[in-house]
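# Examination of the molecular architecture
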Amino acid sequence: MTPRARARLVSVVVVVLGLALATGFALYGLSGKITYFHTPSELATLTPRQLDRTIRLGGMVRDERQDGETHIFTVADNTAQVAVAYRGILPDLFRVGQGVVVYGKYDAAAKTFNAREVLAKHDENYMPPEVKKALEKPTAEKQP
Amino acid sequence: MMIEVAHFAFVLALMVSASQAVFGLVGNGAVAIRASLASLGLCALAFAGLEWAYITSDFSVLNVALNSHSLKPMLYKIAGAWGNHEGSMLLWVLILAIFGAGIALAKHITDDTLRARALGMQGLIATGFIAFSLFTSNPFARLLPVPPDGNSLNPVLQDPGLAFHPPMLYLGYVGFSSVFSFAAAALINGRVDQDWARAVKPFIAMAWLALTAGIALGSKWAYYELGWGGWWYWDPVENASLLPWLAGTALLHSLLVLEVRGSLKRWTIVLAVIAFLMSLLGTYLVRSGVLSSVHAFAVDPARGAFILALLLFYGGGAFALYAWRAPALKTLRLFTPVSREASLVANNLLLIAMAATVLTGTLYPLLMDALNLGQISVGPPYYNATVVRMAVPLLILMGIGPFLPWKRPGRRTFRQTLITCGLLTVAAILVIPVHAFAFGIAVWLMVASAAYAWAQRRNFNLKALALVLGHFGLGLAVVGMLGTTLLKTEDIRVVKPGDSFTVGRHTLTFKGVDYVYGPNYGADEATVTLANGDTLKPQKRWYPVSDSDTTEAAIRLYALDDLYVVLGDRDTTKGSDAWVLRTTIHPFVATLWGGFALIAMAGVAMLLQSVRRKPA
């Protein structure tokens, strides 16, 4: 093998290994680590195993009250609603009557979604695409 | 009247940019230079016109009426011009024109055909973006009847961060347009050599420096703004800024090989194209609203489609040009698997693999949604399992690479230095009480970079300075990243005046809440004192114009950790003077910002080194 061919072989091997490493990591990472988005009405249809995961829940904020450091509010779509408990300080753009996305786990026994994070947006007119879709869904089905 | 002049100037800028593209690409440098200067003048006039409307609160301009208010402080009137989609696109185009003029005037470019063609490409990009701005997001539209006052800027954005973070970031994003233009020009000319590397280097350094600073400023802003996920959240838009940064960092390193050894020609060209395409992709992700993100503007889909078309046009064009011209660019230099070149190739592979992983994670939710496989999001767990792991070999290599000489394996003295550094690191790991391996890698990088500075002390030039600042700075920043992520302590409680409590090594006393007034808001302001006599005053502000609240955290930066206090709501069940208070201790945040600052200074050193006429 000439030095040139060897250099080329080395670079090809390195590139292939690098790509394999990256793809492997990416696929492994994606397999268990994606977060599903659900609407309140979808919560009822989930299996216990699906409910055991940390998910994102999105919808409209109906009402909100405070119990010490914990905020309890209702997140609703057009057909269902669920109580959400969040221990912490709500972000500035959180408001009753606006869309919200929370990140956490649903406690089926207590019928409460325990939020670990409440996601806030930049722009008060902005509606997360998932929430917009969730709110549009049932009305779209009613149309013939 | 001013706004019509500005509008007219902007339309003229479109024409001038188009002619700059035509004359530049056919190789007529003299006309292209004049056109690029005229284009800068016209874009500056257009921008000044919009600024004037903001400063004088001219609410007959729709953009001003929607985003400003007469009572807003002057800083936010000025910065408010780019706090919205239309105005920020105008700033984007202005910066594009500044880089065009930079190419026209740069004294270090010796090849006139290269200058002409690069200007032509720059004109072609400007034409596309001015058209985008004029046809889909015109900031100069008038509003009739004229409203008595404006809607004001979202109070969350009324922050000094707005004045510096977006312009810096755009300087970085758009700066890569000039790099792209040089790459396309080199392909047309069929010449990529050391002269080309020297011509393009200041532009890469400038773009990279600005992008680094822009990301760091955004990180700082997101850190103190509540609900934005802290200094880094792997939000799609954060990723969109990281992608060109990773590609740009790879480009800087491959350019070193091209500059010194004349090899990696084609790869460097590909990286230059990718860096700009990543910038465009970032623009697309932010402007189209396809992703759920803290940055998303409420936008109409036509804009997304337009930017996507521009992305495909420039990207497709560049790769077609590459496929046609690249085979002529041969590299004949060889190197062994253990050498400076090899370590830089490894750096490039790791950085590009990281960029590919980030890209996969960012676009995956879009793909799943398009295929109707459910709505998902990809967040920190994915990136921690992938990108963070890939950073480990990268950080280790960053300590070794600088010691390797070009072409051949290192001499024994280098090995001895590295072994000493390794032993020092192992000693440090034995002392570190928690997360020893993670902190050990950062320590390794800092020790090895300092050792490199010592080894180079006799001929310590700007190039060595850039290397040491960049590598040492990253090590320092990694300490901060690990500290805030792994060692954070949080405390949340209901307090009454006089209550004392302890979080970590700090003892805090809550004194009470007063109502205070700012220029365009009123605020509940808590007073919290520390045992060492320091006082923190977190606020909850209410802006009457937009009837919205903002929470202003009080942050005290110490060398070891950062005390972060947030005032929550009044807890009426426990009395009118009971409030929710959240206290967070973030260890080593000071080293995070310090590390970012050093990395940005590495960019400054690189810029200074590259604009010198004789190679340093």
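The text that follows walks through the structure, step by step, so that each part is easy to find. Quantities reported herein were computed from a predicted structural model and do not represent experimental measurements.

## Overview of the overall build of chain A
Tallying secondary structure elements over chain A gives four helices and six strands in all. Across the 144 residues that make up chain A, the buried fraction comes to 35%. When contacts within chain A are restricted to residue pairs at least 6 apart in sequence, those whose partners lie at least 24 apart make up 55%.

## Some details on helix α17 (residues 462–486) of chain B
Across its 25 residues, α17 of chain B extends 35 Å between first and last C-alpha, which sits within 8% of the 36 Å expected from 1.5 Å per residue. Taken across its 25 residues, α17 of chain B has 19 buried, putting it largely inside the fold.

## Some points on unusual backbone geometry
Residue and element names in this part refer to chain B. The omega torsion of the bond from Leu 144 to Pro 145 falls at -5°, within 30 degrees of zero and hence cis. Within the secondary structure, Pro 145 sits in the loop between α6 (112–136) and α7 (160–189). With phi around 75°, Ser 152 is a residue other than glycine that occupies positive phi space. Checked against the element boundaries, Ser 152 lands in the loop between α6 and α7. Of note, Phe 588 is a non-glycine position whose phi angle comes to about 60°, a positive value. Structurally, Phe 588 can be placed in the loop between β11 (579–587) and α18 (589–611). The class of Phe 588 is buried, set by 26 C-beta atoms lying within 10 Å.

## Notes on the sheet that holds strand β2 (residues 489–495) of chain B
Residue and element names in this part refer to chain B. The antiparallel open sheet is built from four strands, whose spatial order is β2-β11-β10-β9. The two strands at the open ends of the sheet, each matched to only one other strand, are β2 and β9 (554–557). This sheet shows a mean twist of 15° between the axes of neighbouring strands, independent of strand direction. Relative to β11, β2 runs antiparallel, the two sharing seven bridges. Within the sheet, the bridge partner assigned to Asp 491 lies in β11 and is Thr 583.

## Looking at the pairing of strand β6 (residues 112–119) of chain A
Residue and element names in this part refer to chain A. Sheet topology places strand β4 (residues 81–87) next to β6; four bridges connect them, and they run parallel. By the bridge assignment for β6, Ala 83 is matched with Thr 112. With seven bridges connecting them, strand β5 (residues 99–107) and β6 associate as antiparallel partners. When the sheet's bridge partners are listed, Lys 105 is paired in β6 with Asn 114. Hairpin connection between β5 and β6: a loop of four residues separates the two successive antiparallel strands, and Lys 111 in this loop has a positive phi of roughly 50°.

The rules we used
- Residues numbered from 1 in each chain as written.
- Chains lettered and ligands numbered in written order.
- Predicted model: local features only at pLDDT ≥ 70, side-chain atom pairs only at ≥ 80, totals over all residues.
- Helix = DSSP H or I, 4+ residues; strand = E, 2+ residues; numbered from the N terminus.
- Buried ≥ 20, exposed ≤ 12 C-beta atoms within 10 Å, placed from the backbone.
- Contact = placed C-beta atoms within 7 Å.
- Expected span 1.5 Å × (residues − 1).
- Pairing = 2+ DSSP bridges.
- Axes fitted to C-alpha atoms, helices over the stretch in contact; angles between N-to-C directions.

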